[in-house]
Amino acid sequence: MLLGCWGSFQNPEVCDYNYRTMQKWGDAMYVTPGIVVDGELVTTNLVDINLGIRILLGSSYYDDWQTEEDFVSRDPLGNPVDHRHPWNQTTIPKPQKRNFDGNYSWVMSPRWFDKRTGDYLALDTGGGPIARLWSTALANLVDVGYVKSTGHSVQINLPKTALMPEAHFEWNIPQYSNTIERDRARIYFLAYAAAMGVYFVERALELVRQGETKVFQDFTVPDDAIGCGFHEAVRGVLSHHLVIRDGKIANYHPYPPTPWNASPRDIYGTPGPYEDAVADLPIFEENGPDNFKGIDIMRTVRSFDPCLPCGVHMYVGGGKTLKVQHSPTLGIGV
């Protein structure tokens, strides 16, 4: 189950927030936003993607905000906004001792509510590239010459340069989303980004030649409004949800890729993508229990590109220290 978006939609005071417009906006993006479940592209509509978000707690170190106020009851289209949507979230920390049978993480559990089944889906961003490529391939909407989606793949065409010949690649939808495929997609997306970069430079030069040189949009902060933006960070979708009252920020919640990927078990017992990816993982490491380093587990988790990969460590229990290493800053003392 994958979640991918590239682009944004903004304050309804700024843009024409209606279902058809949001569909056109999403369809025009250079990575098609989408939610993929069991290989099926469920939706590419930004309104559907947004309204389906639920923030669950489960095994997190927070108290519930069930009795707190709703900041937003309906969106500008009149659609009801759930109490567990980021627009209505209230963060109430509750520090406590870690308990793997209870609460064990400061990460909340973002989920997407599937209206077809009533399930709260633990979507992952695949570390970014695999979700972007997968939703783009299935949607079959992107075609700028340098990059083209086909319904089952993404074709990438890099032009000849002074130092390199032209090159052609094709990323095909894999049978599985796993460690190898997440890493493989990351390499293909380098070519994707380079090809799109050429396209963007060409379009920008055309606008400059036409006298279009403005690079920002004028904006006045409204007295009362709600807004949201969906973008692609390196490792996947990044959302921002904002509520403005009396010209001031009344509520604001960002959700970068890591909460989606690193979320703990939610209130329904559904594990997050990291936990799910390592469950029943074959162990190829040949070290015995006394020297176990968890390299297979680490490789899988790091394929999601955690925010701090150097801070992702293996806990083997019993308070045993495997290795302590100090590396002086800038090589001082080496």
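Here goes a summary of the coordinates provided. A quick note: this is a predicted structure, and the numbers were derived from the prediction, not measured. (Residues numbered from 1 in each chain as written. Predicted model: local features only at pLDDT ≥ 70, side-chain atom pairs only at ≥ 80, totals over all residues. Heavy atoms only, no water.)

What about the nonpolar core?
One broad trend across soluble globular proteins is that nonpolar side chains are buried collectively.
No. 1: In terms of nonpolar packing, the biggest core is built from 20 residues, with L133, V147, V154, I156, W171, Y192 and M196 touching the most fellow members.
No. 2: Counting only elements with at least two residues in this core, the list comes to helix 3 (129-139), strand 8 (153-158) and helix 4 (179-209).
No. 3: Element by element, the count of residues in this core is highest for helix 4, at 7 residues.
No. 4: Apart from the residues within four sequence positions on either side, I156 is in contact with Y146, A167, H168, F169, Y188, A191, Y192 and A195.
No. 5: Grouped together as the second largest cluster of nonpolar side chains are 16 residues, V37, I49, V237 and Y255 included. (Core = buried A, V, L, I, M, F, W, Y, C linked by side-chain atoms within 4.5 Å. Buried < 20%, exposed > 50% of the residue type's maximum accessible area, 1.4 Å probe, protein only. Helix = DSSP H or I, 4+ residues; strand = E, 2+ residues; numbered from the N terminus. Contact = heavy atoms within 4.5 Å.)

Some details on the pattern of salt bridges
No. 1: Considering all chains together, one arrives at 16 salt bridges under this definition.
No. 2: When the shortest N-O distance is used, the salt bridge between D266 and R111 registers 2.7 Å. Here R111 lies in strand 5 (residues 109-114) and D266 lies in the loop between helix 5 (257-262) and helix 6 (273-278), a separation of 155 residues in the sequence. Each member of the pair, D266 as well as R111, is classed as buried.
No. 3: Among the charged side chains, a salt-bridge network with shared partners connects E40, D114 and R116. (Salt bridge = Lys/Arg side-chain N within 4 Å of Asp/Glu carboxyl O.)

Re the packing of aromatic side chains
No. 1: One pass over the full model with this rule turns up 11 aromatic pairs.
No. 2: A ring pair is formed by Y61 and W106, whose centres lie 5.1 Å apart and whose planes are at 75°; its orientation type is edge-to-face. Taken together, the residues span a long stretch of sequence, with Y61 in the loop between strand 4 (53-56) and strand 5 and W106 in the loop between strand 4 and strand 5 at a distance of 45 residues.
No. 3: On the basis of relative accessibility, which here comes to 43%, the residue W106 falls in the partly exposed class.
No. 4: Following the ring pairs from residue to residue traces out a cluster consisting of Y30, Y199 and F200.
No. 5: Across the ring face of W65, the terminal group of R84 is positioned such that the distance to the ring centre comes to 5.2 Å. (Phe/Tyr/Trp six-rings, centres within 6.5 Å; stacked < 30°, edge-to-face > 60°. Lys NZ or Arg CZ within 6 Å of the ring centre and 35° of its normal.)

With respect to the environment of T300
No. 1: Residue placement: T300 occurs in helix 7 (residues 295-302).
No. 2: For T300 and L281, which are 19 residues apart along the polypeptide, the C-alpha to C-alpha distance reads 9.0 Å.
No. 3: With sequence-adjacent residues up to four places away left out, T300 is seen in contact with T179, R182, A277, V278 and L281.

Overview of helix 3
No. 1: Within helix 3, 10 of the 11 residues are buried, leaving the element largely enclosed by the surrounding structure.
No. 2: For helix 3, every residue scored as buried is listed here: P129, I130, A131, R132, L133, W134, S135, T136, A137 and A139.

Description of the sheet that holds strand 10 (residues 225-233)
No. 1: Across the sheet, 3 strands lie side by side as 10-11-12; this open sheet has antiparallel pairing. Edge positions in the sheet fall to strand 10 and strand 12 (248-255), since each of these pairs with one other strand and no more. The mean angle between the axes of side-by-side strands here comes to 15°, regardless of whether they run parallel or antiparallel.
No. 2: Alignment of strand 10 against strand 11 (residues 236-245), held across 9 bridges, turns out to be antiparallel. Paired with A233 across the strands is G236, a residue of strand 11. (Pairing = 2+ DSSP bridges. Axes fitted to C-alpha atoms, helices over the stretch in contact; angles between N-to-C directions.)

Quick look at the side chain of D305
No. 1: Along the chain, D305 falls in the segment after helix 7.
No. 2: Assessed through its relative accessible area of 17%, D305 is described here as buried.
No. 3: Ignoring any residue separated from it by four or fewer positions in sequence, one finds D305 in contact with G127, R186, V234 and R235.

A few points about the sheet that holds strand 8
No. 1: Strand order in the open sheet formed by 3 strands is 7-8-9, and the pairing between neighbours is antiparallel. The open sheet is flanked by strand 7 (147-149) and strand 9 (167-172), the only strands paired with a single partner. Put simply, the sheet's adjacent strands are angled 15° from each other on average, direction ignored.
No. 2: Here 6 bridges tie strand 8 to strand 9, and the two strands are oriented antiparallel to one another. Bridging across to strand 9, V154 finds its partner in W171.
No. 3: Contacts from helix 4 reach strand 7, strand 8 and strand 9, with the element oriented near 50° to strand 8.

Keep in mind these numbers describe shape, not what the thing actually does.
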